[in-house]
Amino acid sequence: MRITPLRGIGVMWLKCPACRLKCRPTAVGPDGVCPRCGDARMLRLSFGDRPAQTDRTSGPASGTHGN
């Protein structure tokens, strides 16, 4: 059994602007239409994605000591 994460980095949700259904990409068919109302466009939702690992460690306070 595969457990899919609901929050965190890399988690994507889709929202239908017509019926406001929120679902995972696996619930949308290969044609990309809303499974509830059949609207052709689904919007991607992001919930506070963090910057990439390289962005956080590129500054001088990255924790490496040059002593």
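Here the structure is shown first, and the text comes after it.
Rules and cut-offs
- Residues numbered from 1 in each chain as written.
- Predicted model: local features only at pLDDT ≥ 70, side-chain atom pairs only at ≥ 80, totals over all residues.
- Heavy atoms only, no water.
- Helix = DSSP H or I, 4+ residues; strand = E, 2+ residues; numbered from the N terminus.
- Buried < 20%, exposed > 50% of the residue type's maximum accessible area, 1.4 Å probe, protein only.
- Disulfide = S-S within 2.5 Å.
- Pairing = 2+ DSSP bridges.

Enquirer: Help me out: how do you make sense of the overall build of the protein in this one?
Expert: For the protein, the count of helices and strands is 1 helix and 3 strands. In the protein, the order of α-helices and β-strands from amino to carboxyl end is β-β-β-α. Per-residue burial over the protein gives 15% buried out of 67 residues.

Enquirer: Is there a simple way to think about the environment of Cys37 in this case?
Expert: Checked against the element boundaries, Cys37 lands in the loop between β2 (22–23) and β3 (43–45). Overall, the relative accessible area of 41% leaves Cys37 in the partly exposed class. Taking the C-alpha atoms as reference points, Cys37 and Cys16, separated by 21 residues in sequence, lie 8.6 Å from one another.

Enquirer: Would you explain unusual backbone geometry in this entry?
Expert: In terms of backbone geometry, most residues other than glycine have negative phi values and most peptide bonds are trans. In this structure, Arg20 takes a positive phi of about 65 degrees despite not being glycine. In this structure, Arg20 sits in the loop between β1 (13–15) and β2.

Enquirer: Help me out: how do you make sense of the state of the cysteines in this one?
Expert: Disulfide: a covalent bond connecting the sulfur atoms of a pair of cysteines. Within the structure shown, the criterion is met by 0 disulfides. Not engaged in a disulfide, the cysteine Cys23 finds its nearest cysteine sulfur in Cys34; these two sulfurs lie 6.4 Å apart. Considering cysteine sulfurs only, Cys19 is the nearest to Cys34, which forms no disulfide, with 3.7 Å between them. For Cys34, a relative accessible area of 3% corresponds to the buried category.

Enquirer: Please explain the sheet that holds β3 as it appears in this structure.
Expert: Hydrogen bonds along the backbone pair up the strands of a sheet, which may run parallel or antiparallel. Strand order in the open sheet formed by 3 strands is β2-β1-β3, and the pairing between neighbours is antiparallel. Lying at the two open borders of the sheet, with one neighbouring strand each, are β2 and β3. As paired elements, β1 and β2 share 2 bridges and run antiparallel to each other. Looking across to β2, one finds that Leu14 is bridged to Cys23.

Enquirer: Looking at this model, I keep getting lost on the environment of Arg41. Mind explaining?
Expert: Relative to the assigned elements, Arg41 resides in the loop between β2 and β3. Each C-alpha atom, one on Arg41 and one on Ala18, is 8.9 Å from the other, the two residues being 23 residues apart in sequence.

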